[in-house]
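A closer look at the structure
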Amino acid sequence: MDRGPGRLAWDRPDPNPTTGRDEPRSRPPLWCGVLGPLHVRVDGTDVLGPGPRQRALVAALALRYAAGVPLSALSARVWSERHDVDRGAIRVLVHRLRQRLRTAGPDADAGLHRTADGYRWDLGPGSSDLADLRQLRDQARRAEASGDLALAVDLLDRASALVRGAPCQGVWSDPDRWPELVAVGEEVRELRRMSFDARLRLGDHRTVLPDLAALAAQEPTAEWVHDLHLRALSLAGRYDEAVTAHRAFRRRLRDDLGVEPSTALVRTYRRILDHDEPLPGSSPSAREVIRAGADDRSPTPGSRAALRALTEAGAYIADRGDYRRAAHCLTATLRLGGDPAARAEALLRLGEVRYHQAGAGLDELARAATLFRRENRRHQAAEALSWQARVLWLRPGDDDSALRRVAEAVDLIDDRAPDPAGAAALVNICGILAVSDRGRAARRAGLLGLAWARQMSLTPLDLRARANLALVDLTAGDADVVAELAHLTQAYRDRLGWVPPTLWVALADAEDRRARLGPAATYRELAVGSIRGQEATADVPWLVAERVREAFQRGRWTAARGAGVRYLRGEHRHHRMASEVHVVLSRLALHQGDLPAADRHSGAAERLARRDGGATLLGPALVQRLRVRIALGRPRARITATAEELLDRVHGAALTSSFGVDLPLALREAGLDVRALARHAPVESPWRQAAEAVLAGDMARARRTYLAVGSRGDARQVTAAGG
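Residues numbered from 1 in each chain as written. Predicted model: local features only at pLDDT ≥ 70, side-chain atom pairs only at ≥ 80, totals over all residues. Heavy atoms only, no water.

1. Remarks on the overall build of the protein
- Within the protein, the regular secondary structure consists of 34 helices and 6 strands.
- Burial status across the protein gives 54% buried among its 723 residues.
- Long-range pairs, those at least 24 residues apart, make up 64% of the contacts in the protein between residues at least 6 apart in sequence.
- Accessible surface computed for the protein: about 31300 Å², of which carbon and sulfur atoms make up 49%. (Helix = DSSP H or I, 4+ residues; strand = E, 2+ residues; numbered from the N terminus. Buried < 20%, exposed > 50% of the residue type's maximum accessible area, 1.4 Å probe, protein only. Contact = heavy atoms within 4.5 Å. Areas by Shrake-Rupley, 256 points an atom, 1.4 Å probe, with all protein chains shown as cover.)

So this is what it looks like as structure tokens:
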């Protein structure tokens with residue numbers, strides 16, 4: 001795509017994404033470019049002013065053109081230093097943007113719409129370089145699936161030509177803070193990977209080899225880059241260089257990330273050592289294999305191999321977070337029939353994908369466990385039971401059932417015979433026990449699973465084991481866990497090309513414990529972006545409940561109340577995280593003097609937390625229950641018993657924003673002082689400093705501390721209590 005010397009991409013007529021021909025008359029008058037420096041042009045004239053706030057507004061709307069942006073998100077991106085939403089100021093900015101667009105063209109602002117909670121800017125293909133890139137990428141995928149690699153490469157080249165630099169370059173001083181930029185950056189990385197892979201399969205290794213070598217130097221721990229680089233060197237016959245490059249890459253992984261190369265990369269390396277690199281395009285596509293075996297209920301040995309290959313492909317895709325495609329692949333695998341062991345393996349992987357997609361998959365996992373037990377494959381049965389435990393743990397009131405499945409899985413594992421299924425079962429068991437307040441047992445299972453994963457070079461399991469062990473350390477109050485979680489995040493990006501939502505949530509929790517509410521909110525936004533990109537909705541109830549609490553902390557009490565009421569009326573009203581929503585609503589009701597509502601919500605919060613919420617949720621629920629009982633004039637014996645149970649929950653690093661100012665207010669109303677809190681030795685943090693200030697009667701210092709960490713809701717309550 002020759003632009004000519006000094007000619008920019010938007011200076012030439014936009015090609016039709018389907019035909020590739022220039023069609024200047026069909027080009028819409030409005031064009032918005034976000035894949036590089038931000039530009040908005042109407043009929044070739046740049047209409048975007050230099051003001052940083054208006055540019056931030058335009059960037060936020062353009063990056064999320066398909067879904068719209070709530071007012072709270074727009075406010076956070078335009079005024080990053082504020083904690084409240086200035087609706088009037090946002091409307092003024094939008095009005096000014098409309099005026100600029102209308103001045104340049106009468107219908108240029110037709111796509112800018114007001115929604116129920118914010119604004120949406122309809123920028124389809126031809127009006128946005130990001131929309132064009134996505135359309136070309138999807139067409140390239142269809143061309144690749146149909147076997148037309150030449151067309152796929154051409155479409156990918158045209159998509160790559162749209163990228164002019166970092167997304168919205170120069171708009172925000174801290175680009176990593178905004179989840180939209182991270183998501184678009186990942187899309188650009190995936191586009192480059194698809195382009196290199198298609199060219200290698202087309203046999204064009206000599207053209208891409210210099211680019212891959214330069215990219216490998218820029219991203220020395222990115223496994224997908226190294227895998228493509230090895231394949232290009234092998235296809236060029238430069239086997240010695242490939243061996244040297246792989247050894248250097250392995251040393252770098254050990255030094256920087258503390259992991260071994262993945263099994264897939266090891267297979268690529270072994271093929272290179274054996275000079276057995278398959279010719280580009282020689283292997284049949286998954287679509288051909290499925291079509292060939294779809295009507296064969298008694299597969300031949302060759303189709304059994306195809307079934308195993310498809311199951312492995314589905315698991316490989318799932319490890320990289322593309323659950324929708326993994327589910328399609330595994331469902332097609334089950335249509336091939338096969339022996340019971342092969343069907344059980346496919347059912348197990350499909351159940352795992354269903355869990356990540358929507359917290360489901362119990363039927364598939366139960367069938368897999370039954371088949372594995374009949375075949376006397378104990379570790380595979382243990383893995384199926386461990387995934388069942390994870391599904392059950394998500395369901396209201398099934399905490400005991402989840403722990404029973406864990407016990408069954410533990411009984412099936414032979415710690416003297418490591419294998420991949422046993423390692424996966426141990427990693428899952430570690431995660432379940434970690435969130436069930438059984439830290440010591442979780443650590444034992446996680447360490448053994450990590451040892452097995454490293455022994456067999458199972459990279460995804462290695463990373464999952466380290467993430468679960470980090471959760472155990474986080475609960476125990478380890479201050480270094482944030483650094484470990486950051487290393488894991490980088491490892492996931494470099495090795496698998498995506499970051500699981502649970503890892504972002506863990507980072508948010510870690511920052512919350514350090515009283516850094518801004519970074520915590522950012523990580524939760526990144527988790528939401530990951531869920532939207534990967535269609536992994538099992539973590540949605542956690543994130544929505546956390547957003548209710550964040551709205552309260554930022555002083556947006558009306559929004560917090562509305563979001564909390566919607567949560568409790570929806571499908572997640574019986575979820576364990578509903579306890580946190582009840583706590584917020586009880587705090588609001590108590591502040592307004594509505595004691596019946598405060599009593600109702602605090603009682604519901606305590607019941608949910610005692611049922612299956614764990615220590616993390618029970619502490620804040622007990623705080624609110626204590627305050628309500630004091631306000632209602634309950635007997636002194638009940639108040640004292642609740643206060644003693646509550647104090648046991650603030651030991652170590654458990655003191656977080658979930659307790660807020662209600663903890664010291666409750667202790668103060670119960671007649672306790674700073675010494676009562678000190679005896680339970682919470683770690684030194686701004687939360688403890690604020691609590692001690694309230695107990696000492698220094699409301700001004702407490703208010704300053706809460707404002708410093710960004711909790712305006714707690715500061716408002718301190719002001720009311722001190723008035």
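Structure's up, so let's keep going.
2. Some remarks on the side chain of R524
- Locating R524 in the fold gives a position in helix α23 (residues 517-534).
- On the accessibility criterion, R524 (8% relative accessible area) is buried.
- In terms of polar contacts, R524 uses its side chain to reach the side chain of E550, at 2.4 Å.
- Every residue in contact with R524, bar those within four places of it in the chain, is listed here: A508, D512, L543, E546, R549 and E550. (Polar contact = N/O pair within 3.5 Å; in protein donor to acceptor, adjacent residues only side chain to side chain.)

3. Overview of the sheet that holds strand β6 (residues 118-121)
- Across the sheet, which stays open at both edges, the 3 strands sit in the order β4-β6-β5 with antiparallel pairing between neighbours. The sheet is open, and its two edges are formed by β4 (69-70) and β5 (112-114), each paired on a single side.
- Two elements, β4 and β6, share 2 bridges in a ladder whose sense is antiparallel. What sits directly across from V69, in β6, is Y119. (Pairing = 2+ DSSP bridges.)

4. What about empty space enclosed by the protein?
- Scanning the model with the defined rule gives 3 cavities of 30 Å³ or more in all.
- In this structure, the second largest cavity occupies an estimated 50 Å³ of space.
- Residue lining of the second largest cavity: R549, E580, V583, V584, R587, L617, P620 and S658, and that is the complete set.
- Of all the elements in the fold, those that place two or more residues in the lining of the second largest cavity are α26 (578-591) and α28 (615-632). (1 Å grid on protein atoms, 1.4 Å probe; cavity = no way out; pocket = protein on both sides within 12 Å on 5 of 7 lines; lining within 4 Å. Points joined across faces, edges and corners; volume = space filled by probe spheres on them.)

5. Here's the deal with the pattern of salt bridges
- In the structure shown here, the tally under the stated rule is 39 salt bridges.
- Its salt-bridge partner being D414, residue R416 comes within 3.2 Å of it at the nearest N-O pair.
- Since its relative accessible area comes to 72%, R416 is described here as exposed.
- In this structure D414 comes out as partly exposed when scored by relative accessible area, which is 27%.
- In the salt-bridge network here, residues are joined through shared partners; they are R134, R137, D138, R141 and E187. (Salt bridge = Lys/Arg side-chain N within 4 Å of Asp/Glu carboxyl O.)

6. Quick look at helix α30 (residues 662-669)
- Where burial is concerned, most of α30 is hidden: 6 out of the 8 residues are buried.
- At the exit of α30 stands G671, carrying a positive phi of roughly 90°.

7. Here's the deal with the nonpolar core
- If you look at the biggest cluster of nonpolar residues, it comprises 110 residues, and the most contacted ones within it are L646 and L663.
- Discounting chain neighbours no more than four positions away, the residues touching L646 are G619, L622, V623, L626, F659, L663 and L667.
- The next biggest cluster of nonpolar side chains, apart from the first, holds 56 residues, and it includes V34, L61, C168 and L191. (Core = buried A, V, L, I, M, F, W, Y, C linked by side-chain atoms within 4.5 Å.)

8. Some remarks on the packing of aromatic side chains
- Scanning the entire structure with this criterion turns up 4 aromatic pairs.
- Above the ring of W557, the side-chain terminus of R716 is found at 3.9 Å from the ring centroid. (Phe/Tyr/Trp six-rings, centres within 6.5 Å; stacked < 30°, edge-to-face > 60°. Lys NZ or Arg CZ within 6 Å of the ring centre and 35° of its normal.)

9. Observations concerning the sheet that holds strand β2 (residues 39-42)
- Read from one edge to the other, the open sheet built from 3 strands follows the order β1-β2-β3, with strand pairing classed as antiparallel. Every interior strand has two partners, whereas the edge strands, β1 (30-33) and β3 (45-46), have only one.
- Bridging between β1 and β2 involves 4 bridges; their strand directions are antiparallel. Looking at the pairing, L30 lines up with V42 of β2.

10. A word on helix α7 (residues 205-218)
- Between its terminal C-alpha atoms α7 stretches 19 Å, which fits the 20 Å expected from 14 residues at 1.5 Å a residue.
- Buried within α7 we find H205, V208, L209, L212, L215 and A216.
- Lining the buried residues of α7 we find α6 (179-202) and α8 (223-235). (Expected span 1.5 Å × (residues − 1).)

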